[in-house]
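Below are the chains, spelled out letter by letter.
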Amino acid sequence: QLLPRKLDFFNKNQIKISQIAAGRYHTVVLSEEGDIYTRGRGQYGTLGNGRNNPSLVPILLQDVKHFRSEDKENEVIKIDAADNFTAAVTSKKVIEHFRKWKSLCMG
């Protein structure tokens, strides 16, 4: 049986959370700094790190961090998740999604 449990990761690293979204087997967190962290099953590329491996420890999505550093005015404003994908919307209305076969799709 899967039960919710507290993660100390964010407190230990002094990361303030802005939003949380959950898929069936993964969780997505948007920090107040605009960084996206994922953790969970990872099947179908839902963690956004280009792999299908699970992670119990939150993973910082480096591709999103790099994307933000190229355009300082383009901030992540919303995250969402479902069974087999994770998505983020930016202030310039760019939608980034992480799903089966692709780690970072922009459109």
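Residues numbered from 1 in each chain as written. Predicted model: local features only at pLDDT ≥ 70, side-chain atom pairs only at ≥ 80, totals over all residues. Heavy atoms only, no water.

An account of the overall build of the chain is requested, with residue identities and associated values reported.
When helices and strands are tallied, the chain shows two helices and eight strands. Its helices and strands taken in sequence order, the chain reads α-β-β-β-β-α-β-β-β-β from the N to the C terminus. With 107 residues in all, the chain has 36% of them scored as buried. For the chain, the accessible area works out to roughly 7100 Å², and carbon and sulfur atoms hold 49% of it. (Helix = DSSP H or I, 4+ residues; strand = E, 2+ residues; numbered from the N terminus. Buried < 20%, exposed > 50% of the residue type's maximum accessible area, 1.4 Å probe, protein only. Areas by Shrake-Rupley, 256 points an atom, 1.4 Å probe, with all protein chains shown as cover.)

Go over the sheet that holds strand E4 (residues 55-60), please, and point to the residues and values.
One open sheet accounts for four strands, arranged E1-E2-E3-E4; its pairing is antiparallel. Either end of the sheet is taken by a strand with one partner, and the two such strands are strand E1 (17-22) and E4. Going from strand to strand, the sheet's axes swing by 15° on average, the running direction of each strand aside. Of the pairings in the sheet, the one linking strand E3 (residues 36-40) to E4 comprises three bridges and is antiparallel in character. Residue pairing in the sheet places Thr38 in a bridge with Ile59 of E4. (Pairing = 2+ DSSP bridges. Axes fitted to C-alpha atoms, helices over the stretch in contact; angles between N-to-C directions.)

I'd like a rundown of the packing of aromatic side chains, residues and numbers included.
This model, assessed by the stated rule, comprises three aromatic pairs. Taking the centre distance of 5.1 Å and the plane angle of 90° together, the rings of Phe9 and Phe10 count as edge-to-face. Measuring from centroid to centroid gives 5.6 Å for Phe10 and Tyr37, while their planes differ by 90°, and the two rings are edge-to-face. You can see Phe10 sitting in helix H1 (residues 9-12) and its partner Tyr37 sitting in strand E3, a full 27 residues away along the chain. (Phe/Tyr/Trp six-rings, centres within 6.5 Å; stacked < 30°, edge-to-face > 60°.)

Residue-level account of the pairing of E1, with values.
When E1 meets strand E2 (residues 26-31), the two strands line up antiparallel, connected through five bridges. The residue of E2 that forms the bridge with Gln19 is Leu30. The antiparallel hairpin formed by E1 and E2 contains three residues in its connecting segment.

Which residues make up the confidence of the model for the chain, and what values go with them?
The share of residues in the chain with pLDDT of 70 or more is 87%, and the mean pLDDT across the chain is 82. Between residues 101-107, whose pLDDT stays under 50, and residues either more than four places distant or in other chains, the model counts 21 contacts. (pLDDT = per-residue confidence, 0-100. Contact = heavy atoms within 4.5 Å.)

Hey, could you go over the nonpolar core for me, with residue numbers and the actual values?
Burial of nonpolar side chains together is a common tendency in soluble globular proteins. Counting eleven residues, the largest nonpolar core consists of Ala21, Val28, Leu30, Ile36, Leu61, Val64, Val76, Ile79, Ala81, Ala88 and Phe98. Among the secondary structure elements, those contributing two or more residues to this core are E2 and strand E5 (76-82). Of all the elements, E5 adds the most residues to this core, at three residues. (Core = buried A, V, L, I, M, F, W, Y, C linked by side-chain atoms within 4.5 Å.)

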